[in-house]
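Secondary and tertiary structure notes
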Amino acid sequence: MLTMISRWYKRRFSDPHAVSLVAILLFGFITIYFFGHLIAPLLVAIVLAYLLEWPVAQLRKVGVPRTIAVMVVLIVFISLSLIAIFGLVPTIWNQIGNLINDIPSMYIELQEFIQTIPERYPELANLQIVESVLDNAKDKVVGLGESVVKGSLASLVSIAALGVYLILVPLLVFFLLKDKSEMMDMMSGILPQNRRLATKVWQEMNEQISNYIRGKVLEILIVGGVSYITFAILDLRYSVLLAVCVGLSVLIPYIGAAAVTVPVAIVGLFQWGLDTQFYSLLIAYGIIQALDGNVLVPILFSEAVNLHPVAIIVAVLVFGGLWGFWGVFFAIPLATLVKAVWKALPSTEEHVVQE
């Protein structure tokens, strides 16, 4: 056993470039794992810089100086973001309030429905089971109310953190875009000299991460927009709130789509019951999810299609457990990174040729 491990180690890590690659990855992992909460504004700024690099590059192609191009793109992006925030947040907040107000009536309707189950299906349910279900539902509602109160108190701290983000993130994005070349040169001077494999992996992943972030933002906008139009046509309650949830659900592959199906189905069920409109909602929602998974995702993320769904789900679970939101957001690029690193490490044949 030890001999086999020794041979594998020599085969994979006999090259100093491979050792440098692993050392760089290990340093990055430790930094983000232990200090991720401290550098969170920088991580947000890096994501936005990747997103805005493409329009900056397009302005550079027509002869606009980089500093001016960065300022124009950043001003347009901030303006559009403010318009979206001030347009959506009040509506979402009102719909959340309406949903909270409707929860008692929903609970009463659920209570009345459950009480009729023993009469309709005496062989499937009895009074004790019904009472147990109602007690559990009541506890969940009370727990939800307590969570809302706690969340309201915690939001005061979040507002202060948001103020810091609103100041730091735009500044960081501006300098990351403006001084991109200088920062890359500075990083080159810090990294080890034996970094041929690290450079190879970086060149491959840099383009993929850039395409992934742009594609993910575009997917959120398309899926959320189409969902809102569909819900509005069907006259579904809380259409804006549910559409935002559906759009954000694409951040978590497979799991997000399954999770957001529950509130959509529950709202439709309480609004229409087992009526034709309810089934129309489920069919329309299923079509949206099918088109997203089978048409939109392959177009936007051609590299991600090469990853098996099981590998993607495992990546979401593992990296999400390690780094929370950022692990979930970058689950597919990180899985692709693991695949690229494994391919970049020297194999047996390469080791023989080098000798």
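A brief structural summary. Since we're looking at a predicted model, the values are computed, not measured.

When helices and strands are counted, the chain shows 15 helices and zero strands. Taken across its 355 residues, the chain has 31% of its residues classed as buried. In the chain, 73% of the contacts between residues at least 6 apart in sequence involve partners at least 24 apart.

Here we take up the packing of aromatic side chains. Counting across every chain of the model gives two aromatic pairs. Ring plane angle 75 degrees and centroid distance 5.2 Å describe the contact between phenylalanine 174 and phenylalanine 175, whose orientation is recorded as edge-to-face. On the basis of relative accessibility, which here comes to 19%, the residue phenylalanine 174 falls in the buried class. Exposure remark for phenylalanine 175: the relative accessible area of 40% places this residue in the partly exposed category. When the centroid spacing of 5.6 Å and the interplanar angle of 65 degrees are considered together, the rings of phenylalanine 278 and tyrosine 279 count as edge-to-face. Overall, tyrosine 279 belongs to the partly exposed group, its relative accessible area being 44%.

To continue, consider the pattern of salt bridges. If you walk through the whole model with that rule in mind, you get four salt bridges. Between glutamate 53 and arginine 66 there is a salt bridge whose closest N-O contact spans 2.9 Å. With glutamate 53 in helix H3 (residues 40–61) and arginine 66 in helix H4 (residues 66–115), the pair connects residues that are 13 residues apart, well separated along the chain. By relative accessible area, which is 18% here, glutamate 53 ends up buried. Each of Glu53, Arg66 and Lys180 takes part in salt bridges that share partners, so that together they form one network.

Before going further, it helps to spend a moment on unusual backbone geometry. Glycine aside, a negative phi is what most residues show, and trans is what most peptide bonds show. A positive phi is found at aspartate 235, a non-glycine position, where the angle reads about 60 degrees. Looking at where aspartate 235 falls in the secondary structure, it is placed in the loop between helix H8 (196–233) and helix H9 (239–249). For aspartate 235, a relative accessible area of 57% corresponds to the exposed category. Here tyrosine 238, not a glycine, exhibits a phi torsion of approximately 55 degrees, which is positive. As for its position among the elements, tyrosine 238 is in the loop between H8 and H9.

The subject of this paragraph is the nonpolar core. Soluble, globular proteins show a tendency: their nonpolar side chains are buried together. Among the nonpolar cores identified, the biggest contains 65 residues, and Ile213 and Phe231 are the most heavily contacted of them. With sequence-adjacent residues up to four places away left out, isoleucine 213 is seen in contact with Val47, Tyr50, Leu51, Phe329 and Phe330.

Along the chain, glutamine 95 falls in helix H4. For glutamine 95, a relative accessible area of 13% gives the class buried. Other than its neighbours up to four places away in sequence, glutamine 95 contacts Tyr238, Ser239, Val240 and Leu241.

This next bit is on helix H11 (residues 276–300). Over its 25 residues, H11 extends 34 Å from the first C-alpha to the last, a length consistent with the 36 Å expected when each residue adds 1.5 Å. Along its length, H11 reaches its greatest deviation from straightness, about 40 degrees, at aspartate 292. Those residues of H11 that fall on the buried side of the exposure criterion are Phe278, Leu281, Ala284, Tyr285, Ile288, Gln289, Asp292 and Leu296. Where H11 is buried, its residues contact H8, H9 and helix H10 (255–272).

Attention shifts here to the side chain of threonine 230. Among the secondary structure elements, threonine 230 is positioned in helix H8. Since its relative accessible area comes to 16%, threonine 230 is described here as buried. Other than its neighbours up to four places away in sequence, threonine 230 contacts Ala284 and Ile288.

With that out of the way, let us pick up the packing of H3 against H8. For the pair H3 and H8, the least separation of the axes is 9 Å and the interaxial angle reads 85 degrees. Viewed along their axes, H3 and H8 adopt a mutual orientation that is roughly perpendicular. Facing Val47, Tyr50, Leu51 and Trp54 of H3, the residues of H8 in contact are Trp202, Asn206, Ile209, Ser210, Ile213, Arg214 and Val217. Taken together, the residues of the contact of H3 with H8 break down into eight nonpolar, two polar and one charged.

Turning next to the packing of H8 against H11. Where H8 contacts H11, the two axes come as close as 11 Å, and the packing angle between them is 160 degrees. When the interaxial angle is binned, H8 and H11 end up roughly antiparallel. Crossing hand, H8 versus H11: right-handed. Where H8 abuts H11, its residues Gly215, Leu218, Glu219, Ile222, Val223, Val226, Ser227, Thr230 and Phe231 lie against Leu281, Ala284, Tyr285, Ile288, Asp292, Leu296, Val297 and Leu300. Tallied by class, the residues present in the contact of H8 with H11 amount to 12 nonpolar, three polar and two charged.

Turning our eyes to something else, we now look at H3. Residues spaced three or four apart along an α-helix point in a common direction, a consequence of the helix completing one turn every 3.6 residues. Taking 1.5 Å as the rise per residue, H3 with 22 residues should run 32 Å; its terminal C-alpha atoms sit 32 Å apart, in good agreement. The largest bend in H3 comes to about 35 degrees, at leucine 52, with the proline proline 55 one to four residues further on. Taken as a whole, H3 has its buried residues at Ala40, Pro41, Leu43, Ala45, Val47, Ala49, Tyr50, Leu51, Leu52, Glu53 and Val56. Positioned one or two residues after H3, glycine 63 has a phi angle of 95 degrees, which is positive.

Here is what the cut-offs are and how they apply
Residues numbered from 1 in each chain as written. Predicted model: local features only at pLDDT ≥ 70, side-chain atom pairs only at ≥ 80, totals over all residues. Heavy atoms only, no water. Helix = DSSP H or I, 4+ residues; strand = E, 2+ residues; numbered from the N terminus. Buried < 20%, exposed > 50% of the residue type's maximum accessible area, 1.4 Å probe, protein only. Contact = heavy atoms within 4.5 Å. Phe/Tyr/Trp six-rings, centres within 6.5 Å; stacked < 30°, edge-to-face > 60°. Salt bridge = Lys/Arg side-chain N within 4 Å of Asp/Glu carboxyl O. Core = buried A, V, L, I, M, F, W, Y, C linked by side-chain atoms within 4.5 Å. Expected span 1.5 Å × (residues − 1). Bend = angle between axes of the 7 residues up to and from the residue. Axes fitted to C-alpha atoms, helices over the stretch in contact; angles between N-to-C directions. Parallel < 35°, antiparallel > 145°, perpendicular 65-115°, else oblique. Nonpolar A, V, L, I, M, F, W, Y, C, P; charged D, E, K, R; others polar. Left-handed = near helix turned anticlockwise from the far one by under 90°.

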